[in-house]
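# What the coordinates show
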Amino acid sequence: MGYFNTVAEYIWLGGKDEFRSKTRVFEGEIQLLEQLPKWNYDGSSTDQARGTDSEVILVPRQVFPDPIRGGNSILVWCETMRPDESYLHNSHRHWANDIFEQNKDAEPWFGLEQEYFMIYSHSKKPLGYDEKKKQGQFYCSVGTENAFGRALAEEHLQACISAGIKISGINAEVAPGQWEFQIGPCVGIEEGDHLWMARYLLVRLSEKYNITIDFEPKPLEGDWNGSGCHANYSTREMREGSDGKPGLYFIDNAIEKLSHRHMAHMKMYGTGNEKRMTGKHETASYDKFSDGVANRGASIRRGNDTVKNGKGYFEDRRPSSNCDPYLVTAMLFKTTILDD
Ligand code: ADP
Ligand code: MN
Ligand code: MN
Ligand code: MN
């Protein structure tokens, strides 16, 4: 006893989509989801239940090695449920999972590009922000006067890799103190699991830097970029072609379907997005659908390589930085594959 304890951090979303977590020590070694019991918490303290009937149940859905505690510690990503087994309003994984289960053969891949701001906890201003400066020097920048917060971005990258999260890159973004990390390609439901856990690790690690992570789509008013969460997407048919048709045929077909469901998607793509999608700062307009090749002012972009190769993937540029990746990925799959 003692040697083989497992420290598990149960993590979930509170009433305002904020992360909440608490720790539980198990005797013995636990690594598999099936070994983890449900747990519960006081939902009246997270704005999710009344004090008289306060119990919310934590349902473990995914396990990752915990890179912060190390050893055989684990992170346990949970959905939230009432005692009558109904899910809380912001617990969307089960909905998305049901959608992906309806067609496994399609093999959907996703790669989401999470943009965010690092904000000084004291001044409430982005790192490196200076109202006298203009955008231009910060994107993919290097150097003390250009890149702000690299130590945290770098620590986050390494933590994700240690946790087995499929992170595929990071870069400094267009506004000062703004960064991006990419999660993918992931298959189906895995994208939401990995992106949520990557967000959690970023918020956890930010504590020791006195930095607040801001996932809002338009934290700075004026001539500054907002934050998006571009969703890159493909199915096996788009990547390989099928029935003598090239992949591009299936990509065009999917984009055509998306053009008819624009507002239904926008409603699922995050809040406050209309402040970001002004048609300026590399965005399309909020209420009009558009597509293009290599056009960063379009709702949907096909990359040059995809057009040249006649197959590949496309990018939905509409989701905002505070979107729920379960909603975004499952909506893309539902509209392009399941619906007629
Ligand atoms: P951008 O050029 O828009 O900045 P990024 O390089 O930031 O693009 O992100 C591209 C994302 O697309 C990565 O997460 C990558 O894993 C993902 N991706 C690459 N190939 C595919 C594919 N076939 N299907 C879905 N996503 C893909
Ligand atoms: Mn990118
Ligand atoms: Mn970007
Ligand atoms: Mn992009």
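Everything numeric in this text was worked out from a predicted model, so none of it was measured. (Residues numbered from 1 in each chain as written. Chains lettered and ligands numbered in written order. Predicted model: local features only at pLDDT ≥ 70, side-chain atom pairs only at ≥ 80, totals over all residues. Heavy atoms only, no water.)

### Some points on the nonpolar core
Membership of the largest hydrophobic core comes to 70 residues, with the highest contact counts inside it found for Tyr116, Met118, Ile165 and Phe314. When residues in this core are grouped by element, the largest group, 8 residues, is from helix α3 (residues 190-206). Residue contacts for Met118: discarding those within four places in its chain leaves Lys125, Pro126, Leu127, Phe148, Gly149, Leu152, Ala153, Gly177, Trp179, Ile211, Thr212 and Ile213. Judged by nonpolar contacts, the second largest core, of 15 residues, contains Ala8, Trp12, Ile74 and Val76. (Core = buried A, V, L, I, M, F, W, Y, C linked by side-chain atoms within 4.5 Å. Buried < 20%, exposed > 50% of the residue type's maximum accessible area, 1.4 Å probe, protein only. Helix = DSSP H or I, 4+ residues; strand = E, 2+ residues; numbered from the N terminus. Contact = heavy atoms within 4.5 Å.)

### Observations concerning the site of ligand 1
Near ligand 1 there are 16 residues, and of these Glu113, Glu180, Ser234, Arg301 and Glu315 occur at the shortest range. The contact in question runs from an oxygen atom of ligand 1 to an N or O atom on the side chain of Ser168, over 3.2 Å. Take Asn232: an N or O atom from its side chain is 3.4 Å from an oxygen atom of ligand 1. Protein burial of ligand 1: of its 590 Å² of free accessible surface, 75% is covered by the chains. Those elements that provide at least two residues to the shell around ligand 1 are β6 (109-120), β8 (178-187) and β10 (229-234). Tallied by class, the residues present in the shell around ligand 1 amount to 5 nonpolar, 6 polar and 5 charged. (Near = heavy atom within 4 Å. Polar contact = N/O pair within 3.5 Å; in protein donor to acceptor, adjacent residues only side chain to side chain. Areas by Shrake-Rupley, 256 points an atom, 1.4 Å probe, with all protein chains shown as cover. Nonpolar A, V, L, I, M, F, W, Y, C, P; charged D, E, K, R; others polar.)

### Observations concerning empty space enclosed by the protein
Scanning the model with the defined rule gives 2 cavities of 30 Å³ or more in all. Of the voids in this model, the largest cavity is the one considered here, and its volume is about 90 Å³. Lining the largest cavity are 13 residues, with Leu13, Trp77, Cys78, Asn90 and Ser91 positioned closest to its centre. Contributing elements (two or more residues each) for the lining of the largest cavity: β1 (6-13) and β5 (74-81). (1 Å grid on protein atoms, 1.4 Å probe; cavity = no way out; pocket = protein on both sides within 12 Å on 5 of 7 lines; lining within 4 Å. Points joined across faces, edges and corners; volume = space filled by probe spheres on them.)

### Overview of the coordination of the manganese ion (ligand 3)
Each protein donor to the manganese ion (ligand 3) is listed here as Glu115 (OE), Glu173 (OE) and Glu180 (OE); together their distances run 2.1 to 2.3 Å. The sequence motif formed by the donor residues of the manganese ion (ligand 3) is E-x57-E-x6-E. Taken as a pair, the manganese ion (ligand 3) and the manganese ion (ligand 2) lie 3.8 Å from each other and share Glu180 as a ligand. In this pair, the class of Glu173 matches that of Glu180, namely buried. (Donors = N, O, S within 2.8 Å, 3.2 Å for Na, K, Ca; no water.)

### Considering helix α2 (residues 150-162)
Its 13 residues place the ends of α2 18 Å apart at the C-alpha level, agreeing with the 18 Å of an ideal helix rising 1.5 Å per residue. Those residues of α2 that sit buried are Leu152, Ala153, His156, Leu157, Ala159 and Cys160. With its buried residues spanning 165° around the axis, α2 presents them on a single face. If you follow the buried residues of α2, they end up packed against β6, β7 (167-172), β8, α3 and β9 (211-214). Looking one or two residues past α2, Gly164 carries a phi angle of roughly 75°, positive in sign. (Expected span 1.5 Å × (residues − 1). Arc of directions from axis to C-beta.)

Everything listed is a geometric property; what it means functionally is a separate question.
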